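Listed below, chain by chain, are the residues.
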Amino acid sequence: MNPKIDEYINKAKQWQEEMELLRSILLSCQLTEELKWGVPCYTFQKSNVVLIHAFKEYVGLGFFKGALLKDEANLLSKPGENSQSSRQLRYTSLQEIQANEQLIRAYLFEAIEVEKAGLKVTLKKTEEYDIPVEFQKILAENSALNTAYEALTPGRKRAYLLHFSGAKQAETRIARIEKMIPRIMIGKGFNDCICGLSKRMPGCDGSHKFIQSA
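Here's what I pulled together on the structure shown here. This structure is a prediction, so every number in the text was calculated from the model and none was measured.

Looking now at the overall build of the chain. On a plain count of helices and strands, the chain comes out with 9 helices and 5 strands. Along the chain, helices (α) and strands (β) appear in the sequence α-α-β-β-β-β-β-α-α-α-α-α-α-α when read from the amino end. In terms of principal-axis extent, the alpha carbons of the chain reach across some 60 × 45 × 30 Å. Scored against the burial criterion, the 214 residues of the chain give a buried share of 38%. Restricting to contacts in the chain with at least 6 residues of sequence separation, those with at least 24 account for 54%.

This is the structure in structure tokens:
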């Protein structure tokens, strides 16, 4: 048992009992627990298998390669509309977890077998994502921006395209694009730190918000 996970659960404002039960189930499946990305992460032979997620509406398990699980009970949910690999089991009470403990173990053992087999999720390539017409137009009119965008890593490009295309209205898409132009011009990704205060570089951990409110 990792003391960092003890501290994480003890500091949680809700779902403490639920997380403790999920933790005991995970550890009984011979998984190793670590604190990664600020949340409990469980690994098999150093490969990430599942996270414990605690949100306001639910607590659950996030499987890194959930898309490869059979999910015969049809219980897995996508954490986001564009999620390609990860899937979640979600619960809203201790009793619900207790009632589904055997099923949870079945999902965990299948996820471990996926790792043993070395299976990989075939992810959609960045070039397969549609570029919003508004962004295409702006890139065509601004050669410097086009050069900066093309210099970004595939992951950073993908994050921007998902952010831009996530808006239903053309006006909103244009507003999002214009807001992100300064970031793109300095080679930063959508989730990158630009203030230099983050303790999780290159990602933003929200440190700038604490400075602004001080």
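The rest of the description comes next.
Before going further, it helps to spend a moment on the environment of arginine 183. Within the secondary structure layout, arginine 183 lies in helix α8 (residues 170-185). When the C-alpha positions of arginine 183 and cysteine 193 are compared, they lie 9.7 Å apart, and in sequence the two are 10 residues distant. Other than its neighbours up to four places away in sequence, arginine 183 contacts Tyr160, Lys188, Gly189, Phe190, Asp192 and Ile194.

It is worth spelling out the packing of helix α7 (residues 154-165) against α8 at this point. Packing of α7 against α8 leaves a shortest axis separation of 9 Å and a crossing angle of 155°. Taken together, the axes of α7 and α8 lie roughly antiparallel to each other. For the pair α7 and α8, the sense of crossing is right-handed. Here Tyr160, His163, Phe164 and Ser165 of α7 lie close against α8, whose contacting residues are Arg173, Arg176, Ile177, Met180, Arg183 and Ile184. Split by residue class, the contact of α7 with α8 holds 5 nonpolar, 2 polar and 3 charged.

Once that is clear, we can look at unusual backbone geometry. The phi dihedral of tryptophan 15 is positive, around 65°, even though this residue is not glycine. Looking at the secondary structure, you find tryptophan 15 in the loop between α1 (3-11) and α2 (16-28). Accessibility expressed as a relative area gives 12% for tryptophan 15, which makes it buried. The residue aspartate 71 is not glycine, and still its phi comes out positive at about 55°.

Picture the strands of a sheet paired through backbone hydrogen bonds; they go either parallel or antiparallel. Strand order in the open sheet made by the 5 strands is β1-β2-β3-β4-β5, with antiparallel pairing throughout. Pairing within the sheet leaves two strands with one partner each, and these edge strands are β1 (32-36) and β5 (87-91). Between one strand axis and the next, the sheet turns by 25° as a mean value, whatever way the strands run. Taken together, the 5 bridges between β1 and strand β2 (residues 39-44) define a ladder with antiparallel strand orientation. Across the sheet, glutamate 33 pairs through a bridge with tyrosine 42, a residue of β2. On top of the sheet, α1 reaches β1, β2 and β3 (47-54); it is set at about 60° to β1, its chief contact. Across the face of the sheet, helix α4 (residues 101-116) comes into contact with β2, β3, β4 (59-63) and β5 while running at roughly 150° to β3.

Between its first and last C-alpha atoms α4 spans 23 Å; for 16 residues at 1.5 Å apiece the expected length is 22 Å, and the two agree. Among all positions in α4, only Ile104, Tyr107, Leu108, Ala111, Ile112, Val114 and Glu115 are buried. All buried residues of α4 lie within an arc of 150° about the axis, which places them on one face of the element. Facing away from the buried side of α4 by over 90 degrees, the exposed positions are Gln102 and Lys116. Buried residues along α4 sit in contact with α2, β2, β3, β4, β5 and α3 (94-99).

The next point concerns the pairing of β4. Most of β4 sits inside the fold, with 5 of its 5 residues counted as buried. Bridge count between β3 and β4: 5 bridges; the pairing is antiparallel. Residue pairing across strands places isoleucine 52 opposite leucine 61, the latter belonging to β4. Counted between consecutive antiparallel strands, the loop separating β3 from β4 contains 4 residues. Where β4 meets β5, 5 bridges bridge the pair, whose relative direction is antiparallel. Within β5, the position partnered with valine 59 by the bridge is tyrosine 91.

Conventions adopted
Residues numbered from 1 in each chain as written. Predicted model: local features only at pLDDT ≥ 70, side-chain atom pairs only at ≥ 80, totals over all residues. Heavy atoms only, no water. Helix = DSSP H or I, 4+ residues; strand = E, 2+ residues; numbered from the N terminus. Buried < 20%, exposed > 50% of the residue type's maximum accessible area, 1.4 Å probe, protein only. Contact = heavy atoms within 4.5 Å. Axes fitted to C-alpha atoms, helices over the stretch in contact; angles between N-to-C directions. Parallel < 35°, antiparallel > 145°, perpendicular 65-115°, else oblique. Left-handed = near helix turned anticlockwise from the far one by under 90°. Nonpolar A, V, L, I, M, F, W, Y, C, P; charged D, E, K, R; others polar. Pairing = 2+ DSSP bridges. Expected span 1.5 Å × (residues − 1). Arc of directions from axis to C-beta.

Everything listed here is a matter of coordinates, which is why it stays silent on function.
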